[in-house]
Amino acid sequence: MAAQTEESDCAREQTKAEQDVDQVRKRAARDQQRLDSGAVSSPKDLENLQREITSLAKRQGDLEDVVLEVMERRESAQARVDELTERVTAVQGKLDDATARRDAAFGELDGESATVTKERQVVAASVPADLLKLYEKLREQQGGVGAARLYQRRCEGCQLELNITEVNEVRAAAPETVVRCENCRRILVRTSESGI
Ligand SMILES: [Zn+2]
(Lines give C-alpha, C1' and ligand atoms only; values in the text may rest on other atoms or scores of the structure.)
Protein backbone atom coordinates (compact mmCIF):
# COMPACT_ATOMS: atom_id res chain seq x y z
CA MET A 1 0.00 0.00 0.00
CA ALA A 2 2.86 2.40 0.83
CA ALA A 3 4.42 1.66 -2.57
CA GLN A 4 1.10 2.24 -4.30
CA THR A 5 0.65 5.52 -2.44
CA GLU A 6 4.14 6.57 -3.49
CA GLU A 7 3.37 5.67 -7.09
CA SER A 8 0.12 7.67 -7.13
CA ASP A 9 1.83 10.59 -5.40
CA CYS A 10 4.45 10.55 -8.16
CA ALA A 11 1.72 10.36 -10.81
CA ARG A 12 0.08 13.46 -9.34
CA GLU A 13 3.44 15.21 -9.13
CA GLN A 14 4.14 14.32 -12.77
CA THR A 15 0.79 15.72 -13.94
CA LYS A 16 1.48 18.93 -12.03
CA ALA A 17 5.02 19.24 -13.47
CA GLU A 18 3.72 18.58 -17.00
CA GLN A 19 1.09 21.29 -16.54
CA ASP A 20 3.82 23.70 -15.43
CA VAL A 21 5.82 22.89 -18.57
CA ASP A 22 2.72 23.34 -20.70
CA GLN A 23 1.96 26.75 -19.17
CA VAL A 24 5.48 28.02 -19.81
CA ARG A 25 5.49 26.58 -23.31
CA LYS A 26 2.17 28.30 -24.17
CA ARG A 27 3.35 31.61 -22.80
CA ALA A 28 6.58 31.39 -24.80
CA ALA A 29 4.55 30.55 -27.92
CA ARG A 30 2.35 33.59 -27.35
CA ASP A 31 5.40 35.82 -26.92
CA GLN A 32 6.95 34.40 -30.05
CA GLN A 33 3.74 35.03 -31.97
CA ARG A 34 3.68 38.65 -30.82
CA LEU A 35 7.27 39.05 -31.81
CA ASP A 36 6.70 37.53 -35.24
CA SER A 37 3.51 39.53 -35.85
CA GLY A 38 5.39 42.82 -35.94
CA ALA A 39 2.78 44.41 -33.65
CA VAL A 40 5.48 45.33 -31.15
CA SER A 41 7.62 48.08 -32.56
CA SER A 42 9.29 49.82 -29.63
CA PRO A 43 12.89 48.54 -29.33
CA LYS A 44 12.56 48.46 -25.54
CA ASP A 45 9.40 46.32 -25.75
CA LEU A 46 11.02 44.07 -28.32
CA GLU A 47 14.03 43.63 -26.09
CA ASN A 48 11.84 42.81 -23.08
CA LEU A 49 9.88 40.31 -25.13
CA GLN A 50 13.05 38.69 -26.41
CA ARG A 51 14.44 38.49 -22.88
CA GLU A 52 11.23 36.92 -21.61
CA ILE A 53 11.28 34.30 -24.39
CA THR A 54 14.86 33.40 -23.45
CA SER A 55 14.06 33.16 -19.78
CA LEU A 56 10.94 31.09 -20.53
CA ALA A 57 13.04 28.67 -22.59
CA LYS A 58 15.41 28.26 -19.66
CA ARG A 59 12.46 27.81 -17.28
CA GLN A 60 10.90 25.22 -19.60
CA GLY A 61 14.15 23.25 -19.64
CA ASP A 62 14.32 23.26 -15.85
CA LEU A 63 10.70 22.14 -15.57
CA GLU A 64 11.26 19.37 -18.11
CA ASP A 65 14.13 18.12 -15.93
CA VAL A 66 11.68 18.04 -13.03
CA VAL A 67 9.25 15.98 -15.13
CA LEU A 68 12.02 13.52 -16.01
CA GLU A 69 13.12 13.22 -12.40
CA VAL A 70 9.51 12.58 -11.27
CA MET A 71 9.04 10.01 -14.06
CA GLU A 72 12.13 8.13 -12.90
CA ARG A 73 10.87 8.06 -9.33
CA ARG A 74 7.47 6.94 -10.57
CA GLU A 75 9.02 4.11 -12.57
CA SER A 76 10.91 2.74 -9.60
CA ALA A 77 7.80 3.08 -7.44
CA GLN A 78 5.87 1.14 -10.08
CA ALA A 79 8.57 -1.53 -10.18
CA ARG A 80 8.33 -1.83 -6.42
CA VAL A 81 4.53 -2.08 -6.63
CA ASP A 82 4.87 -4.86 -9.23
CA GLU A 83 7.41 -6.76 -7.16
CA LEU A 84 5.35 -6.49 -3.97
CA THR A 85 2.14 -7.40 -5.77
CA GLU A 86 3.84 -10.54 -7.01
CA ARG A 87 4.96 -11.39 -3.48
CA VAL A 88 1.49 -10.73 -2.07
CA THR A 89 0.05 -13.07 -4.69
CA ALA A 90 2.57 -15.77 -3.78
CA VAL A 91 1.93 -15.40 -0.05
CA GLN A 92 -1.82 -15.34 -0.64
CA GLY A 93 -1.46 -18.58 -2.59
CA LYS A 94 0.37 -20.20 0.30
CA LEU A 95 -2.23 -18.92 2.72
CA ASP A 96 -5.07 -20.27 0.60
CA ASP A 97 -3.31 -23.61 0.38
CA ALA A 98 -2.74 -23.77 4.15
CA THR A 99 -6.35 -22.76 4.79
CA ALA A 100 -7.60 -25.49 2.49
CA ARG A 101 -5.40 -28.08 4.22
CA ARG A 102 -6.51 -26.87 7.64
CA ASP A 103 -10.17 -27.09 6.63
CA ALA A 104 -9.63 -30.58 5.26
CA ALA A 105 -7.95 -31.58 8.54
CA PHE A 106 -10.86 -30.09 10.50
CA GLY A 107 -13.23 -32.14 8.41
CA GLU A 108 -11.25 -35.31 9.03
CA LEU A 109 -11.06 -34.62 12.77
CA ASP A 110 -14.78 -33.96 12.94
CA GLY A 111 -15.46 -37.26 11.22
CA GLU A 112 -13.02 -39.08 13.48
CA SER A 113 -14.50 -37.45 16.56
CA ALA A 114 -18.02 -38.48 15.53
CA THR A 115 -16.90 -42.08 14.99
CA VAL A 116 -15.03 -42.27 18.29
CA THR A 117 -17.93 -40.68 20.18
CA LYS A 118 -20.30 -43.25 18.72
CA GLU A 119 -17.94 -46.11 19.58
CA ARG A 120 -17.55 -44.79 23.09
CA GLN A 121 -21.32 -44.62 23.54
CA VAL A 122 -21.63 -48.27 22.56
CA VAL A 123 -18.86 -49.32 24.97
CA ALA A 124 -20.13 -47.10 27.80
CA ALA A 125 -23.61 -48.63 27.46
CA SER A 126 -22.13 -52.07 28.20
CA VAL A 127 -20.32 -50.91 31.38
CA PRO A 128 -22.20 -51.15 34.71
CA ALA A 129 -23.38 -47.74 35.96
CA ASP A 130 -21.35 -47.68 39.21
CA LEU A 131 -18.14 -48.67 37.41
CA LEU A 132 -18.73 -46.05 34.76
CA LYS A 133 -19.24 -43.46 37.48
CA LEU A 134 -15.96 -44.46 39.16
CA TYR A 135 -14.18 -44.37 35.83
CA GLU A 136 -15.52 -40.89 35.02
CA LYS A 137 -14.46 -39.60 38.43
CA LEU A 138 -10.93 -41.03 38.04
CA ARG A 139 -10.69 -39.77 34.52
CA GLU A 140 -11.39 -36.25 35.72
CA GLN A 141 -8.84 -36.55 38.55
CA GLN A 142 -6.13 -38.23 36.48
CA GLY A 143 -5.77 -35.96 33.47
CA GLY A 144 -8.24 -37.74 31.19
CA VAL A 145 -7.11 -41.33 31.84
CA GLY A 146 -9.32 -43.21 34.29
CA ALA A 147 -8.22 -46.74 33.45
CA ALA A 148 -4.85 -48.17 32.53
CA ARG A 149 -3.59 -51.45 31.19
CA LEU A 150 -1.64 -53.64 33.57
CA TYR A 151 1.27 -54.73 31.42
CA GLN A 152 4.07 -56.93 32.77
CA ARG A 153 3.15 -55.97 36.32
CA ARG A 154 3.40 -52.28 35.47
CA CYS A 155 0.52 -49.79 35.63
CA GLU A 156 0.56 -48.03 32.28
CA GLY A 157 -1.21 -45.06 33.88
CA CYS A 158 1.57 -44.05 36.27
CA GLN A 159 4.26 -46.39 34.88
CA LEU A 160 5.03 -47.86 38.32
CA GLU A 161 5.56 -51.54 38.79
CA LEU A 162 3.35 -53.31 41.33
CA ASN A 163 5.14 -54.74 44.34
CA ILE A 164 4.79 -58.40 45.23
CA THR A 165 1.95 -57.83 47.75
CA GLU A 166 -0.04 -55.92 45.11
CA VAL A 167 0.67 -58.58 42.51
CA ASN A 168 -0.63 -61.21 44.92
CA GLU A 169 -3.77 -59.18 45.61
CA VAL A 170 -4.51 -58.74 41.92
CA ARG A 171 -3.80 -62.42 41.33
CA ALA A 172 -6.29 -63.37 44.08
CA ALA A 173 -9.01 -61.06 42.78
CA ALA A 174 -11.82 -62.66 40.80
CA PRO A 175 -11.88 -61.71 37.08
CA GLU A 176 -14.99 -59.52 37.50
CA THR A 177 -13.52 -57.65 40.49
CA VAL A 178 -12.43 -54.10 39.76
CA VAL A 179 -8.77 -53.78 40.74
CA ARG A 180 -7.06 -50.43 41.17
CA CYS A 181 -3.50 -49.20 41.08
CA GLU A 182 -2.31 -48.56 44.63
CA ASN A 183 -0.21 -45.66 43.39
CA CYS A 184 -2.40 -43.65 41.03
CA ARG A 185 -5.78 -45.25 41.93
CA ARG A 186 -6.67 -45.84 38.30
CA ILE A 187 -8.69 -48.89 37.35
CA LEU A 188 -6.29 -51.61 36.19
CA VAL A 189 -7.26 -53.50 33.08
CA ARG A 190 -5.98 -57.07 33.25
CA THR A 191 -4.97 -58.92 30.09
CA SER A 192 -2.99 -62.06 29.28
CA GLU A 193 0.12 -59.86 29.22
CA SER A 194 -0.37 -58.46 32.71
CA GLY A 195 2.30 -60.77 34.10
CA ILE A 196 0.04 -61.92 36.91
ZN1 LIG B 1 -0.91 -46.48 38.46
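Attention in this report is confined to the structure presented alongside it. (Residues numbered from 1 in each chain as written. Predicted model: local features only at pLDDT ≥ 70, side-chain atom pairs only at ≥ 80, totals over all residues. Heavy atoms only, no water.)

**Some points on helix α2 (residues 43-125)**
Here is step 1 of the chain: In this model α2 runs 118 Å from its N-terminal to its C-terminal C-alpha over 83 residues, within 8% of the 123 Å that 1.5 Å per residue would give.
Here is step 2 of the chain: Listing the buried residues of α2 in full gives Leu-49, Ile-53, Leu-56, Gln-60, Leu-63, Val-67, Val-70, Ala-77, Val-81 and Ala-124.
Here is step 3 of the chain: Check the buried side of α2 and you find it contacts α1 (2-37) and α3 (129-141). (Helix = DSSP H or I, 4+ residues; strand = E, 2+ residues; numbered from the N terminus. Expected span 1.5 Å × (residues − 1). Buried < 20%, exposed > 50% of the residue type's maximum accessible area, 1.4 Å probe, protein only. Contact = heavy atoms within 4.5 Å.)

**What to know about the coordination of the zinc ion**
Reference geometry at the metal: tetrahedral coordination by four donors gives ideal angles of 109.5 degrees; octahedral coordination by six donors gives 90 or 180 degrees.
Here is step 1 of the chain: Coordination of the zinc ion by the protein involves Cys-155 (SG), Cys-158 (SG), Cys-181 (SG) and Cys-184 (SG), with metal-donor separations of 2.3 to 2.4 Å.
Here is step 2 of the chain: If you look at the zinc ion, its four donor atoms make angles of 107 to 115° with each other, and the shape they trace is tetrahedral.
Here is step 3 of the chain: Considered as a linear motif, the donors of the zinc ion on their single chain read C-x2-C-x22-C-x2-C. Taken together, the positions of Cys-155 in strand β2 (residues 154-155) and Cys-181 in the loop between α4 (164-172) and β3 (187-189) put the pair 26 residues apart, joining distant regions of the chain. Note on accessibility: Cys-155 and Cys-181 belong to one class, buried. (Donors = N, O, S within 2.8 Å, 3.2 Å for Na, K, Ca; no water. Tetrahedral: all angles 85-135°; square planar, octahedral: opposite > 155°, others 65-115°.)

**Points about the environment of Asn-183**
Here is step 1 of the chain: Tracing the chain through its elements places Asn-183 in the loop between α4 and β3.
Here is step 2 of the chain: Judged by relative accessible area, Asn-183 falls into the partly exposed class, the value being 47%.
Here is step 3 of the chain: Distance in space between the C-alpha atoms of Asn-183 and Cys-158 is 7.5 Å, their sequence separation being 25 residues.
Here is step 4 of the chain: Once residues lying within four places of it in the same chain are set aside, the contact partners of Asn-183 are Cys-158 and Leu-160.

**As for the pattern of salt bridges**
Here is step 1 of the chain: Counted according to the given criterion, the structure contains 19 salt bridges.
Here is step 2 of the chain: Note that Asp-9 and Arg-12 form a salt bridge whose closest N and O atoms lie 2.7 Å from each other. Of the two residues, Asp-9 and Arg-12 both sit in helix α1, three residues apart, roughly one turn of that helix.
Here is step 3 of the chain: Overall, the relative accessible area of 55% leaves Arg-12 in the exposed class.
Here is step 4 of the chain: Residue Lys-26 pairs with Asp-22 through a salt bridge whose shortest N-O separation is 3.2 Å. In this pair, Lys-26 and Asp-22 both sit in helix α1, four residues apart, roughly one turn of the helix.
Here is step 5 of the chain: A cluster of three or more residues bridged by salt bridges with shared partners is formed by Glu-13, Glu-69 and Arg-73. (Salt bridge = Lys/Arg side-chain N within 4 Å of Asp/Glu carboxyl O.)

**Considerations on the environment of Gly-146**
Here is step 1 of the chain: Checked against the element boundaries, Gly-146 lands in the loop between α3 and β1 (147-151).
Here is step 2 of the chain: Overall, Gly-146 belongs to the buried group, its relative accessible area being 1%.
Here is step 3 of the chain: With 132 residues separating them along the chain, Gly-146 and Gln-14 place their C-alpha atoms 76 Å apart.
Here is step 4 of the chain: Ignoring any residue separated from it by four or fewer positions in sequence, one finds Gly-146 in contact with Tyr-135, Leu-138, Arg-139, Arg-186 and Ile-187.

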